[in-house]
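Read off the chains here:
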Amino acid sequence: IDALLAEGVNGKRVFVRADLNVPLADGTITDDGRIRAVLPTVKALAEAGAKVVVASHLGRPKGAPDPAFSLLPAAERLGELLGAPVAFAQDTVGPAAHDAVDGLEPGQVAVIENLRFNAGETSKDDAERAEFAERLAALADVYVGDGFGAVHRKHASVYDLPAKLPHYAGYLIATEVGVLKKLTDDVKRPYAVVLGGAKVSDKLGVIDHLLEKADRILIGGGMAYTFLKAQGHEVGISLLQEDQIPAVKEYMERAEAKGVEFVLPVDVLVSPDFPDLKTKAPANPTTVAADAIPADQEGLDIGPETRKLYASKLADAATVFWNGPMGVFEHPDYAEGTKAVAQALLDTSAFTVVGGGDSAAAVRTLGFDENAFGHISTGGGASLEYLEGKTLPGLAALEN
Ligand code: 3PG
């Protein structure tokens, strides 16, 4: 983007593909981290006199307008954060979008409606995506890719549109890629990785790749129960992906052969009931050893001994990557595990990266100072796929 600014953008229409896919509760944004993350790019372009057209997806609407997924709340928040009015177009490539863009003066910003209200955005058909990209291209003279959270998607606005316009990477993408490079090339050791979240299947690729890079891998969250089961323990009614057990076993064997330490919970908080996340009524969980989960109970967080164990495994690390909460952190009775990992990241002198929408939101909603961490990535799937060593369509398109 510095090259673009040096060339000059005054009066040019610049399309910024952001990731404003923020969590919403009853229409209210609960974490605006992704909007704040794109501000440097939007501000720099506006200050240089560009007519800035910001676009993003939000949620997973079905390729047609759906008010539940409108980008309007994100556009309003962007305006508040910029301290300047932001025009909002109620369609994506239709007359409203063209009116909004035509109405921009140099230095002003417009947001167009959710890109996924058009089936062409996410289509698997190259021609359909290209056609939608063509319609998006009509709104701008230049493309700036800055939606790091979506660079792993081969979508029209991420992958096809850059080919149709002069294209540049924004500040957020440059920062994110710079940080992730430190986790793949010349990593400072010991390198510890903490993985949590619900599903093992989402993490298999990254585990596979990290077995070649990391010194220790700590497992928590819903996915831990598939690991415990693979070790021969009963897990009651905890989340379990039976079909992943063979893969998990293989990874644990490979880790042992390579001297990579796999660390699993030694105790967990269990309850027969999933907590009520709306009322947050007390859940009164019980702490049990990880190899003694009762048949009628569900593991919902790591226990106190595991919190201590994980903190000790992170204390002397030089590099830490963390993706995924340790438990149902949205409920106070099951937030201690995730809090303990966040605190351990703050206590170590290691270079720490928090990857992923959920863990980033957890860190902020649990009251931690986000600036105290080495880096909080705006990309969940994107940062994992980067660490898997995959080619990310949105980055490849900007490099071409
Ligand atoms: C994310 O939340 O990880 C990104 O915004 C991508 O969203 P998606 O998984 O719906 O493509």
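Residues numbered from 1 in each chain as written. Predicted model: local features only at pLDDT ≥ 70, side-chain atom pairs only at ≥ 80, totals over all residues.

All right, on to the overall build of the chain then. Within the chain, the secondary structure is distributed over 15 helices and 17 strands. Along the longest, intermediate and shortest principal axes, the C-alpha atoms of the chain span 65 × 45 × 40 Å. Burial analysis of the chain (400 residues in total) assigns 50% to the buried set. Long-range pairs, those at least 24 residues apart, make up 74% of the contacts in the chain with a sequence separation of at least 6. (Helix = DSSP H or I, 4+ residues; strand = E, 2+ residues; numbered from the N terminus. Buried ≥ 20, exposed ≤ 12 C-beta atoms within 10 Å, placed from the backbone. Contact = placed C-beta atoms within 7 Å.)

On to the nonpolar core. Val14, Phe15, Val16, Val52, Val53, Val54 and Ile217 are the most contacted members of the largest nonpolar core, which has 123 residues in total. Examining the composition of this core, we find that six residues originate from one element, helix H2 (residues 33-47), more than from any other. With sequence-adjacent residues up to four places away left out, Val16 is seen in contact with Thr41, Val42, Leu45, Val52, Val53, Val54, Val144, Asp146 and Gly170. (Core = buried A, V, L, I, M, F, W, Y, C linked by C-beta atoms within 7 Å.)

Position of Leu72 among the secondary structure elements: in helix H3 (residues 72-82). Taking the C-alpha atoms as reference points, Leu72 and Leu398, separated by 326 residues in sequence, lie 27 Å from one another.

Let us look at the sheet that holds strand E11 (residues 261-263). Strand order in the open sheet formed by six strands is E11-E10-E9-E15-E16-E17, with parallel pairing between adjacent strands. Edge positions in the sheet fall to E11 and strand E17 (375-376), since each has one partner strand and no second. Relative to strand E10 (residues 216-219), strand E9 (residues 191-195) is paired through four bridges, and the arrangement is parallel. The residue of E10 that forms the bridge with Val193 is Ile217. (Pairing = 2+ DSSP bridges.)

So, about the packing of helix H11 (residues 304-315) against helix H12 (residues 336-347). When two helices pack together, their arrangement is captured by the angle between the axes and the distance separating the axes. Across the interface, H11 lies against H12 with an axial gap of 9 Å and an inter-helix angle of 20°. Here H11 is positioned roughly parallel relative to H12, judged by the angle of their axes. Crossing of H11 over H12 shows right-handed handedness. Where H11 approaches H12, its residues Arg307, Tyr310, Ala311, Leu314 and Ala315 are matched on the opposing element by Glu336, Gly337, Ala340, Val341, Ala344, Leu345 and Asp347. When grouped by side-chain class, the residues that make up the contact of H11 with H12 number eight nonpolar, one polar and three charged. (Axes fitted to C-alpha atoms, helices over the stretch in contact; angles between N-to-C directions. Parallel < 35°, antiparallel > 145°, perpendicular 65-115°, else oblique. Left-handed = near helix turned anticlockwise from the far one by under 90°. Nonpolar A, V, L, I, M, F, W, Y, C, P; charged D, E, K, R; others polar.)

Our focus in this paragraph is the sheet that holds strand E5 (residues 86-89). Taken in spatial order, the six strands line up as E5-E6-E4-E1-E7-E8 in an open sheet, and their pairing is parallel. In this open sheet, the two edge strands, each paired with only one partner strand, are E5 and strand E8 (167-169). Recorded for the sheet is a direction-independent mean angle of 25° between the axes of neighbouring strands. Looking at chain direction, strand E4 (residues 51-55) and strand E6 (residues 109-112) are connected through three bridges and run parallel. Its bridge partner being in E6, Val53 is matched across the sheet by Ala110. Running at roughly 170° to E5, H3 makes contact with E4, E5 and E6 of the sheet.

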